[in-house]
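Chain and residue survey
Listed below are the residues making up each chain.
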Amino acid sequence: MASEDIAQLADSLAKTQVVEGELSYKGKGLKLDSAQAAEELVREIEQFPGLQALRLEGNTVGVEAAQAIAKALESKGQLQRCYWSDMFTGRLRAEIPPALTSLGAALMTAGARLTELDLSDNAFGPDGVRGIEELLKSASCYTLRELRLNNCGMGIGGGKILAAALTECHRRSGAQGAPLRLRVFVAGRNRLENDGATALAQAFKLMGSLEEIHMPQNGINHSGVTALATALKDNPQLRVLNLNDNTFTKKGAMAMAEALKHLRCVQVINFGDCLVRSEGAIAIAETLRSGLPILKELNLSFGEIAEEAALQVAQAVQHKDQLERLDLNGNYLGEEGCEALREAMNSMNMGDRLASLSDDEGEPEEEEDEEDVEEEEEEEEEGNEEEEEEDDDGETETRPQIEEQETPVSVVNEIQVSTIVPSPFSAEVCSFLDSPSADKLLKLGEEAPQLIKKQVNTADAGRTAEAFLKIASLLKDETPLKRTLLDSIDALLGEAFSCSSFQSGTFISTILVLLGLIKSEDKVKPMRLVPGHLLALEHAVKQDYFPGKLIDVLEAFVTRPSAAADSYPSARVALQKTLLKLIELKEPESPPAEEPHSHA
């Protein structure tokens, strides 16, 4: 190992914060390829008395280094919390399972009793779930309370393996007189689909102890949603339910509405972008009238809900004294419907709790029978499921997150469009990034830019682009929050572009795809372009952190004909002028622009 590498590692370790039994290497950017590279880290673990929490997020750990770390953990029986998200950046997919197996075996050898395990943002696929399978079944997880596996590419096969492991853990721990009582389960962006969700639903029903479930963007349709709804009835302490960006349709929405009648502790429901439709919304409204007494937040945005159904939802929350936010944005209300909804909320002295309706889709062009539409969609879903049926052993992925085993995790070129799932660090920031609003930003206070920067994984170009657009959606020429929004954008992008490995081409491609300025080969739902997006881009391109090579690319696509951008001529022209001015100022020998990938 080169002397400069040793010095760099030593410096990083010297800055490590140790607080109340926690040893943290979070975000140090350590590249630990071998046991030798991990020597100092291993030494600190060995010499740390009473280790209760170990943070390894934001580093990259190879197989040999993981084995060395595992050896040090074999004597750490007091370890309870493992924060190991985003720990294999740049690693081959084949490296991750053996590394996880080594670490899991060490925890079992130590006799650790875990309460939290976070392996989010590690694209390990179903094989990675096998890497933690034995750990999840073992006595080390009998005490597990929070399991976070967000954005791991588990797929249907991984979901089934995970469900079986949790079921076995519950059986074994129950035999010892203290059955597994998992409280928080996070598994967004994993392509679990109906079969994976159904398998997990059976495990949820068995445990009956869940307080938070976060499973957004998993390709779950009405049959999987119905299975989850059935399981929820047996989890009476459920407080948070986030199924954003799955597909309920009428059948799923009505099943979920029925399940919610049995729950009294629910505070947050996120069914945004779930296509609950009018009949589903009316069913949920009926549940609201008689149940959910302490509900604080209800998100039914972008669900193809018409005016009458939206008004029924509004009327149903009239006596919800603890309600803080009702989100019905992006539905089919029309101008008159939006005004009627505002008047209804104001008449109940709840106008300040209604989220913005700025993205309303207007009245539907044609009246379609929801029954006919649902039948057509169900036939299409069944056809897709037959085409994508996985192998019987559950290990073959129909749409793997990383298509070739030799492809490094860091260069997976994929847009991930969804809510940003809550982490243990800041529920308020997660809520803001999931569904931005001025009120939520104000609650973050003066530290908003830094809190947002810390919450977003800026090593992920696609996720950074999505967060940028969500923040930008609130930006206006004249607003008290303008400075805070611009500072947040600068903090986020400044952090991202300062990293030499940041994929700037993927970032700008994602921006263009999400704004509908270029088409994607993948099935990606564009965001609605608003003036704030153009204003934010105009601000960002003028900053020192913004790469000059992206300016030409952005200018080429911004000047193309676009119905969405044409709706805001002032903001578009201002951005074009700024880009042209910057291009003129560039030196002639500037390198050619990096072309965006068509599939982002």
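Residues numbered from 1 in each chain as written. Predicted model: local features only at pLDDT ≥ 70, side-chain atom pairs only at ≥ 80, totals over all residues. Heavy atoms only, no water.

Quick word on the side chain of D121
- Along the chain, D121 falls in the loop between strand 7 (116-118) and helix 5 (125-137).
- Here the side chain of D121 touches R463 through a polar contact of 3.0 Å, side chain to side chain.
- Dropping the residues within four chain positions of it, D121 is found in contact with D86, N150, N151, C152, N457 and R463. (Helix = DSSP H or I, 4+ residues; strand = E, 2+ residues; numbered from the N terminus. Polar contact = N/O pair within 3.5 Å; in protein donor to acceptor, adjacent residues only side chain to side chain. Contact = heavy atoms within 4.5 Å.)

Topic: the environment of T484
- When you line up the elements, T484 lands in helix 18 (residues 482-497).
- Here T484 falls in the partly exposed class, since its relative accessible area comes to 24%.
- Placed 42 residues apart in sequence, T484 and L442 show a C-alpha to C-alpha distance of 9.2 Å. (Buried < 20%, exposed > 50% of the residue type's maximum accessible area, 1.4 Å probe, protein only.)

Focus: the environment of G58
- Turning to its location among the elements, G58 is positioned in the loop between strand 4 (53-55) and strand 5 (60-61).
- With relative accessibility at 28%, the residue G58 sits in the partly exposed group.
- Spatially, the C-alpha atoms of G58 and Y25 are 8.1 Å apart, while their sequence positions differ by 33 residues.
- Leave out the neighbours within four places in its chain, and G58 touches G27, K28, G29, S85 and D86.

Quick look at the pattern of salt bridges
- Scanning the model with the defined rule gives 29 salt bridges in all.
- Of the charged contacts, one joins E57 and R55 as a salt bridge, the two residues approaching to 2.8 Å between their closest N and O atoms. Of the two residues, E57 and R55, both sit in the buried class.
- Note that R483 and D487 form a salt bridge whose closest N and O atoms lie 3.1 Å from each other. With R483 and D487 both in helix 18, this residue pair falls 4 residues apart, about one helical turn.
- Here the salt bridges share partners, and the residues they tie into one network are R130, E133, E134 and K137. (Salt bridge = Lys/Arg side-chain N within 4 Å of Asp/Glu carboxyl O.)

Observations regarding the nonpolar core
- F185, M215 and F271 are the most contacted members of the largest nonpolar core, which totals 121 residues.
- In this view, F185 contacts L147, L162, L166, L200, F204, L210, E212, I213, H214 and M215; residues no more than four positions away in its chain are not counted.
- Core analysis: the next-biggest nonpolar cluster, separate from the first, contains 52 residues, F507, L554, V558 and L575 among them. (Core = buried A, V, L, I, M, F, W, Y, C linked by side-chain atoms within 4.5 Å.)

Notes on the packing of aromatic side chains
- All told, the structure shown has 8 aromatic pairs when counted by the stated rule.
- Their ring planes at 85° and their centres at 5.3 Å tell us that F497 and F502 sit as a pair that is edge-to-face.
- In this structure F497 comes out as buried when scored by relative accessible area, which is 14%.
- Plain terms: the ring middles of F497 and Y545 are 6.3 Å apart, the flat faces sit at 15° to each other, and that makes the pair stacked. Within this pair, whereas F497 is found in helix 18, its partner Y545 is found in the loop between helix 20 (531-541) and helix 21 (549-558), the two being separated by 48 residues in sequence. One exposure class covers both F497 and Y545, and it is buried.
- Through a chain of ring-to-ring contacts, the aromatic side chains of F468, F497, F502, F507, Y545 and F546 assemble into a single cluster. (Phe/Tyr/Trp six-rings, centres within 6.5 Å; stacked < 30°, edge-to-face > 60°.)

What about the side chain of S140?
- Positionally, S140 belongs in the loop between helix 5 and strand 8 (146-148).
- Classification of S140 as buried rests on a relative accessible area of 2%.
- A distance of 3.3 Å separates a polar side-chain atom of S140 from the backbone oxygen of L107.
- Other than its neighbours up to four places away in sequence, S140 contacts L107, M108, G111, A112, R113, L114 and L135.

What to know about the packing of helix 17 (residues 461-472) against helix 20
- Relative orientation of the contacting elements helix 17 and helix 20 amounts to 115°, with a least axis distance of 8 Å. Classed by the angle they form, the pair helix 17 and helix 20 counts as roughly perpendicular. At the point where helix 17 passes helix 20, the crossing takes the right-handed sense. Contact with helix 17, carried on its side by F468, L469 and A472, involves G532, H533, A536 and L537 of helix 20 and no other residues of that element.
- Of the residues that constitute the contact of helix 17 with helix 20, the class distribution is 5 nonpolar, 2 polar and no charged. (Axes fitted to C-alpha atoms, helices over the stretch in contact; angles between N-to-C directions. Parallel < 35°, antiparallel > 145°, perpendicular 65-115°, else oblique. Left-handed = near helix turned anticlockwise from the far one by under 90°. Nonpolar A, V, L, I, M, F, W, Y, C, P; charged D, E, K, R; others polar.)

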